[in-house]
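Chain and residue survey
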Amino acid sequence: MISIQEVEYEQKSILRNLLELYKYDFSEFDPEDDLNANGLYEYKYLDHYWTEDGRYPFFIKVDDKLAGFALVRMHGTELNENIYSMAEFFVMKKYRKQKVGQTVAQELFNRFRGIWKVAQIEANQPAQDFWRKTIDRYTDGNYQEIREEGWEGPIQTFSSAARHNDNK
């Protein structure tokens, strides 16, 4: 059984530990991200998920076992729709290829109805493949892939509110 659970402040250290695994995995795509003097990668925005509005941390669980996390951000509104991004998304290797990521992504798209922008860095081809396939299935191909100044890589954008309204 795949589920998502909002991360409570008291569970921040657990999320910090998972972020280390994520940053380790991600290091092959971001050669400039190195360990600090304490042997940790660190995630400088972690505390912001409990101190700023519009940030939503979630654990991903499979059969009640930790399997990853998702960090969702709201960036404002456009055309009366909230704008969201998947700030970080991580599924542990042992749970990949089991539709865990796809299931969780779709659940979050449904939970946060609005305009979504899901970005990947240029070097991370596996993430690009995953998000293109997941978003294509979720939207029945009704999404755009764009580029934005200040970001090096593709960004898929779509409206989960429009999809929800179409399915009524």
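The sections below set out a description of the structure shown in this document. (Residues numbered from 1 in each chain as written. Predicted model: local features only at pLDDT ≥ 70, side-chain atom pairs only at ≥ 80, totals over all residues. Heavy atoms only, no water.)

This part is about helix α3 (residues 100–111). Between the first and last C-alpha of α3 there are 16 Å, a value that for 12 residues agrees with the 16 Å anticipated at 1.5 Å per step. Among the residues of α3, those classed as buried are Val100, Gly101, Gln102, Val104, Ala105, Leu108 and Phe109. (Helix = DSSP H or I, 4+ residues; strand = E, 2+ residues; numbered from the N terminus. Expected span 1.5 Å × (residues − 1). Buried < 20%, exposed > 50% of the residue type's maximum accessible area, 1.4 Å probe, protein only.)

This part covers the packing of α3 against helix α4 (residues 125–139). With their axes 10 Å apart at the nearest point, α3 and α4 run at an angle of 55 degrees to one another. Put simply, α3 runs oblique to α4. For the pair α3 and α4, the crossing hand works out as right-handed. Judged by residue contacts, Gly101, Gln102, Ala105, Gln106, Phe109 and Asn110 of α3 engage Phe130, Trp131, Thr134, Ile135, Arg137 and Tyr138 from α4. (Axes fitted to C-alpha atoms, helices over the stretch in contact; angles between N-to-C directions. Parallel < 35°, antiparallel > 145°, perpendicular 65-115°, else oblique. Left-handed = near helix turned anticlockwise from the far one by under 90°. Contact = heavy atoms within 4.5 Å.)

Scanning the entire structure with this criterion turns up 19 aromatic pairs. A centroid spacing of 4.9 Å and a plane angle of 70 degrees characterise the contact between Phe89 and Trp131, whose relative ring orientation is edge-to-face. Placement of Phe89 in strand β4 (residues 81–91) and of Trp131 in helix α4 is noted, with a sequence separation of 42 residues between them. Each ring, one from Phe109 and one from Trp116, has its centre 4.9 Å from the other, and the planes form 65 degrees; the classification is edge-to-face. The burial state of Phe109 is the same as that of Trp116; both residues are buried. The rings of Tyr56, Phe58, Tyr84, Phe89, Phe109, Phe112, Trp116, Phe130, Trp131, Tyr138 and Phe158 are connected pair by pair, giving a single aromatic cluster. Positioned over the ring face of Tyr49 is Arg55, at 5.1 Å from the centre of the ring. (Phe/Tyr/Trp six-rings, centres within 6.5 Å; stacked < 30°, edge-to-face > 60°. Lys NZ or Arg CZ within 6 Å of the ring centre and 35° of its normal.)

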